[in-house]
Amino acid sequence: MVTFLAGGTGTPKLLYGADGVFDPAETPVVCNTGDDVELGGLLVCPDVDTTLFADGDRLDRETWWGIADDTTETHEELHALADAAGLESGPRYLSDDAQTAGRDIARWRRFSGVAEFMELGDRDRAIHVTRTSLLDEGYTLTEATETLANALDIERPVLPMSDDPVATIIHTDEGPMHFQEFWVHRRADPEIERVEFRGAETATPTDAVHDALDGPVVIGPSNPVTSLGPMVAMDTFREALESTPVVAVSPFVEDRVFSGPAAKLLAATGYEPSTAGVADAYPYADAFVLDEADGTDFDRPVVRTDTELGDPEDGARVCRAVREALETIGAEVP
Ligand code: GDP
């Protein structure tokens, strides 16, 4: 078993086409849940869902989120209703009291569904209705995810990092905001003062995650702050990484980021926005896979290949490099 850690884009891209290199049934993915929000009473888990949709052959591979060819009639109707009622759009947080009432798993990231600020497709929404209803019936997030994975005919174990709430809050010069407000609504524009993983001090990884972290681990190209940050903010998660072989794929080529806000978040949290900064942010990584054009000097073993991902051949090529890196550090790879 080799376990991959995932945010919403990089690891699903890495695993696209990788089935011949890593058998999906033996390759669990542990997904970040710090980005999750509750929107109109529905728990939305963007990083879990990208992996579910990718493996279930439903993912929109243009955007790398949502379901391909989905419609958005409900979303549009929500906006039409809000406009007609004179209700402002934009993230509408529920009251402070409501943030810690009701479903525990949704704490500190509860938004009204009025003019919902994230676009949910119609078929996508059916996933959130089912997941939230299963939670209300008493399932854990891990059990609800397994049920959805079965419904989508997925072999791969898809594991939320925790069944406890952890919310990524970005403290900015304009005040604190949930990561999804910062990223989806504000396009990462506000200045960052610090990043908080609210709940992480009491949250624990699930037993399934602990078992998955017992063997070799791969950190796919990820945002080290907002995708790995919530995981390693849980002490036993970080300790597990410290005591198992770990290979990381850089989301940069030297100081050029492929996409997303990783550079800004690294810089704001005291790291160089580059492959070198990622290496500093991952002290528990034993080896790295870098782009062949990335000349960053390393004190740990490195395997280089073309790390541009997007097609199945790319995933297979970079996964072969990951396998080589694991073997270099003596990890047992099935
Ligand atoms: P999320 O989508 O915000 O949840 O982000 P992830 O944690 O999955 O991070 C995506 C990271 O993957 C970004 O920092 C990108 O720079 C990186 N990335 C995106 N596309 C590629 C690619 O083709 N190759 C590599 N090496 N990294 C990529």
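The rules we used
- Residues numbered from 1 in each chain as written.
- Predicted model: local features only at pLDDT ≥ 70, side-chain atom pairs only at ≥ 80, totals over all residues.
- Heavy atoms only, no water.
- Core = buried A, V, L, I, M, F, W, Y, C linked by side-chain atoms within 4.5 Å.
- Buried < 20%, exposed > 50% of the residue type's maximum accessible area, 1.4 Å probe, protein only.
- Helix = DSSP H or I, 4+ residues; strand = E, 2+ residues; numbered from the N terminus.
- Contact = heavy atoms within 4.5 Å.
- Salt bridge = Lys/Arg side-chain N within 4 Å of Asp/Glu carboxyl O.
- Pairing = 2+ DSSP bridges.
- Expected span 1.5 Å × (residues − 1).
- Near = heavy atom within 4 Å.
- Polar contact = N/O pair within 3.5 Å; in protein donor to acceptor, adjacent residues only side chain to side chain.
- Areas by Shrake-Rupley, 256 points an atom, 1.4 Å probe, with all protein chains shown as cover.
- Axes fitted to C-alpha atoms, helices over the stretch in contact; angles between N-to-C directions.
- Arc of directions from axis to C-beta.
- Parallel < 35°, antiparallel > 145°, perpendicular 65-115°, else oblique.
- Left-handed = near helix turned anticlockwise from the far one by under 90°.
- Nonpolar A, V, L, I, M, F, W, Y, C, P; charged D, E, K, R; others polar.

Chemist: Looking at this structure, I do not really get the nonpolar core. What am I missing?
Modeler: As a rule of thumb, soluble globular proteins bury nonpolar side chains together. Judged by nonpolar contacts, the single largest core of 45 residues is most densely connected at Phe-4, Leu-14, Phe-22, Leu-52, Val-289, Val-322 and Leu-326. When residues in this core are grouped by element, the largest group, seven residues, is from helix H13 (residues 312–328). Sequence-distant contacts of Phe-4, defined by excluding residues within four places in its chain, comprise Thr-11, Leu-14, Leu-15, Phe-22, Thr-27, Pro-28, Val-29, Val-30, Val-218 and Cys-319. Ranked by size, the runner-up nonpolar core spans 42 residues in total, among them Val-166, Ala-203, Leu-228 and Leu-265.

Chemist: Would you mind showing me how to read the pattern of salt bridges here?
Modeler: Working definition: two side chains of opposite charge can pair if their charged atoms are close together. Applying the stated criterion across every chain yields a total of 15 salt bridges. Several salt bridges share partner residues, and in doing so they unite Glu-38, Arg-103, Arg-110 and Asp-136 into one network.

Chemist: Looking at this structure, how should I read the sheet that holds strand E3 (residues 37–39)?
Modeler: Adjacent strands of a sheet pair through backbone hydrogen bonds, lying either parallel or antiparallel. Read across the open sheet, the three strands follow the order E4-E3-E5; overall the sheet is mixed. Because the sheet does not close on itself, it has two edges, and the strands there are strand E4 (42–44) and strand E5 (110–111). Note: E3 against E4, three bridges, orientation antiparallel. Residue Glu-38 lies in a different strand from E4, and its bridge partner there is Leu-43.

Chemist: I keep staring at H13 and nothing clicks. Help me out?
Modeler: For an α-helix, 3.6 residues make a turn, and residues three or four places apart therefore share a direction. Taking 1.5 Å as the rise per residue, H13 with 17 residues should run 24 Å; its terminal C-alpha atoms sit 24 Å apart, in good agreement. On the buried face of H13, the contacting elements are strand E1 (3–6), helix H1 (10–15), strand E10 (217–219), strand E11 (246–249), strand E14 (287–291) and strand E15 (302–305). Immediately downstream of H13, the backbone of Gly-330 shows phi near 80°, a positive value.

Chemist: I tried to follow the site of the ligand on my own but got confused; where do I start?
Modeler: Gly-8, Thr-9, Ser-227, Thr-307 and Leu-309 are the nearest of the 20 residues found near the ligand. Pro-221 places a main-chain nitrogen or oxygen 3.4 Å from an oxygen atom of the ligand. Pro-251 has a polar backbone atom sitting 2.9 Å from an oxygen atom of the ligand. Expressed as a share of its isolated accessible area of 600 Å², the protein-covered part of the ligand is 94%.

Chemist: Where do I start with the environment of Gly-102 in this structure?
Modeler: Tracing the backbone shows Gly-102 in the loop between helix H4 (96–99) and E5. Along the sequence, Gly-102 and Asp-136 sit 34 residues apart, while their C-alpha atoms lie 9.7 Å from each other.

Chemist: I'm lost on the sheet that holds strand E9 (residues 192–198) in this one. Help?
Modeler: Across the sheet, three strands lie side by side as E8-E7-E9; this open sheet has antiparallel pairing. Unpaired on one side and paired on the other, strand E8 (175–178) and E9 mark the two borders of the sheet. Each strand axis lies, on average, 25° off the axis of its neighbour in the sheet, ignoring direction. Strand direction decides the pairing type here: strand E7 (residues 167–172) and E9, joined by six bridges, are antiparallel. Its bridge partner lying in E9, His-171 is registered against Arg-194. Strand contacts of helix H9 (residues 224–232): E7 and E9, with the helix running at about 30° to E9, the strand carrying the most contacts.

Chemist: Would you explain the pairing of E15 in this entry?
Modeler: Put simply, side chains in a regular strand alternate between the two faces of the sheet. In E15, alternate side chains face the same way, and those of Val-303 and Thr-305 are buried while those of Val-302 and Arg-304 on the opposite face are not. As defined by bridge partners, E14 adjoins E15 across four bridges and the pair is classed as parallel. When the sheet's bridge partners are listed, Leu-290 is paired in E15 with Arg-304.

Chemist: When you look at the environment of Asp-189 in this model, what are you seeing that I'm missing?
Modeler: Topologically, Asp-189 is positioned in the loop between helix H7 (179–185) and E9. The exposure class assigned to Asp-189 is exposed, which follows from its relative accessible area of 51%. Remark: the alpha-carbon pair of Asp-189 and Pro-261, spanning 72 residues in sequence, is separated by 9.7 Å. Once residues within four sequence positions are removed from consideration, Asp-189 is found in contact with Phe-182 and Lys-264.

Chemist: Looking at this model, I keep getting lost on helix H6 (residues 141–151). Mind explaining?
Modeler: Considered for burial, the residues of H6 that qualify are Leu-141, Thr-142, Ala-144, Thr-145, Leu-148 and Ala-149. Along H6, the residues classed as buried sweep out an arc of 160° about the axis, all on the same side. For H6, the exposed residues set more than 90 degrees away from the buried face come down to Asn-150 and Ala-151. Buried-residue contacts for H6 involve E4, helix H2 (46–55), helix H5 (122–136) and strand E6 (158–160). Phi for Asp-153, located one or two positions after H6, is positive at around 65°.

Chemist: For this particular structure, what's the right way to read the environment of Asp-211?
Modeler: Inspection of the secondary structure assignment puts Asp-211 in helix H8 (residues 207–212). Residues Asp-211 and Trp-64, 147 residues apart in the sequence, show an inter-C-alpha distance of 28 Å.

Chemist: Teacher, can you tell me more about the packing of H5 against H6 here?
Modeler: A pair of packed helices is characterised by two quantities: the angle between their axes and the separation of those axes. As a packed pair, H5 and H6 sit with axes 9 Å apart at the nearest point and diverge in direction by 140°. Classed by the angle they form, the pair H5 and H6 counts as oblique. When you trace H5 past H6, the crossing you get is right-handed. Taken together, the residues of H6 that come into contact with H5 (itself represented by Ile-127, Thr-130, Arg-131, Leu-134 and Leu-135) are Leu-141, Ala-144, Thr-147 and Leu-148. The residue makeup of the contact of H5 with H6, split by class, is six nonpolar, two polar and one charged.

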